[in-house]
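Below are the chains, spelled out letter by letter.
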Amino acid sequence: MPKVVNVEHINSKRMEIKAKGYVKQSEAGIYCGISNEKGREVYKEIEDNLKANGYKINACGISAKAFNDYLGITDEQIYEYYKMGY
């Protein structure tokens, strides 16, 4: 049976993570609203893409902007949904 991912208030969680400026591998699933296992896969995909394009990866994690770009969302959208309680 597939694991159910709780995405309630996902944008408030994104705001907390984004405030640091980076997403750790352990937070990727939370930020994307997917399971931790899938989150690790997404993190690796973004990491590989950044490296292939000549970017260095911070030891703390990957920028929240890189995750936003991957997800096709903006900081403004996250904030607007956060204000609405999503």
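Residues numbered from 1 in each chain as written. Predicted model: local features only at pLDDT ≥ 70, side-chain atom pairs only at ≥ 80, totals over all residues. Heavy atoms only, no water.

S.K.: Sorry if this is basic, but what is going on with the overall build of the protein here?
M.R.: Secondary structure assignment for the protein yields five helices and two strands. Shown N-terminal to C-terminal, the secondary structure of the protein runs as helices and strands in the order α-β-α-α-β-α-α. In summary, the protein has a C-alpha radius of gyration of 13 Å against a globular reference of 12 Å for 86 residues, a match within 12%. Structurally, the protein occupies a C-alpha span of about 40 × 35 × 20 Å along its principal axes. Looking at the protein as a whole, 27% of its 86 residues are labelled buried. When the accessible surface of the protein is summed, it comes to about 5900 Å², and 52% of that surface belongs to carbon and sulfur atoms. (Helix = DSSP H or I, 4+ residues; strand = E, 2+ residues; numbered from the N terminus. Rg over C-alpha atoms; globule rule 2.2 N^0.38 Å. Buried < 20%, exposed > 50% of the residue type's maximum accessible area, 1.4 Å probe, protein only. Areas by Shrake-Rupley, 256 points an atom, 1.4 Å probe, with all protein chains shown as cover.)

S.K.: Explain the nonpolar core to me, please; I cannot follow it from the model alone.
M.R.: The nonpolar side chains of a soluble globular protein tend to be buried, and buried together. If you look at the biggest cluster of nonpolar residues, it comprises 14 residues, and the most contacted ones within it are Val23, Tyr31, Ile46, Ile62 and Phe67. Going through the elements one at a time, helix H2 (28-32), helix H3 (36-52) and helix H4 (64-71) are the ones with two or more residues in this core. With four residues, the single largest contributor to this core is H3. The residues contacting Phe67, other than those within four sequence positions of it, are Val23, Ala28, Tyr31, Cys32, Val42, Tyr43, Ile46 and Ile62. (Core = buried A, V, L, I, M, F, W, Y, C linked by side-chain atoms within 4.5 Å. Contact = heavy atoms within 4.5 Å.)

S.K.: How should the pattern of salt bridges be read in this particular structure?
M.R.: A side chain of one charge can pair with a side chain of the opposite charge when the charged atoms of the two come close. In the structure shown here, the tally under the stated rule is six salt bridges. With a closest N to O distance of 4.0 Å, Glu47 and Lys51 form a salt bridge. Highlighted residues: Glu47 and Lys51, both in helix H3, separated by four residues, approximately one helical turn. Residue classification places Glu47 among the buried positions, given a relative accessible area of 15%. Between Lys83 and Glu80 there is a salt bridge, and its shortest N-O distance comes to 3.4 Å. Linking Lys83 with Glu80, this pair stays in helix H5 (residues 75-83), spanning three residues, or about one helical turn. Overall, Glu80 belongs to the partly exposed group, its relative accessible area being 41%. (Salt bridge = Lys/Arg side-chain N within 4 Å of Asp/Glu carboxyl O.)

S.K.: Would you explain the packing of H3 against H4 in this entry?
M.R.: Packed helix pairs are characterised by how far apart their axes lie and by the angle those axes make with each other. Contact pair H3 / H4: the axes reach a minimum separation of 11 Å and the direction vectors enclose 105°. Compared by their axis directions, H3 and H4 come out roughly perpendicular. On H4, the residues that touch Val42, Tyr43, Glu45, Ile46 and Leu50 of H3 are Ala66, Phe67 and Tyr70. Within the contact of H3 with H4, the residues separate by chemical class into seven nonpolar, no polar and one charged. (Axes fitted to C-alpha atoms, helices over the stretch in contact; angles between N-to-C directions. Parallel < 35°, antiparallel > 145°, perpendicular 65-115°, else oblique. Nonpolar A, V, L, I, M, F, W, Y, C, P; charged D, E, K, R; others polar.)

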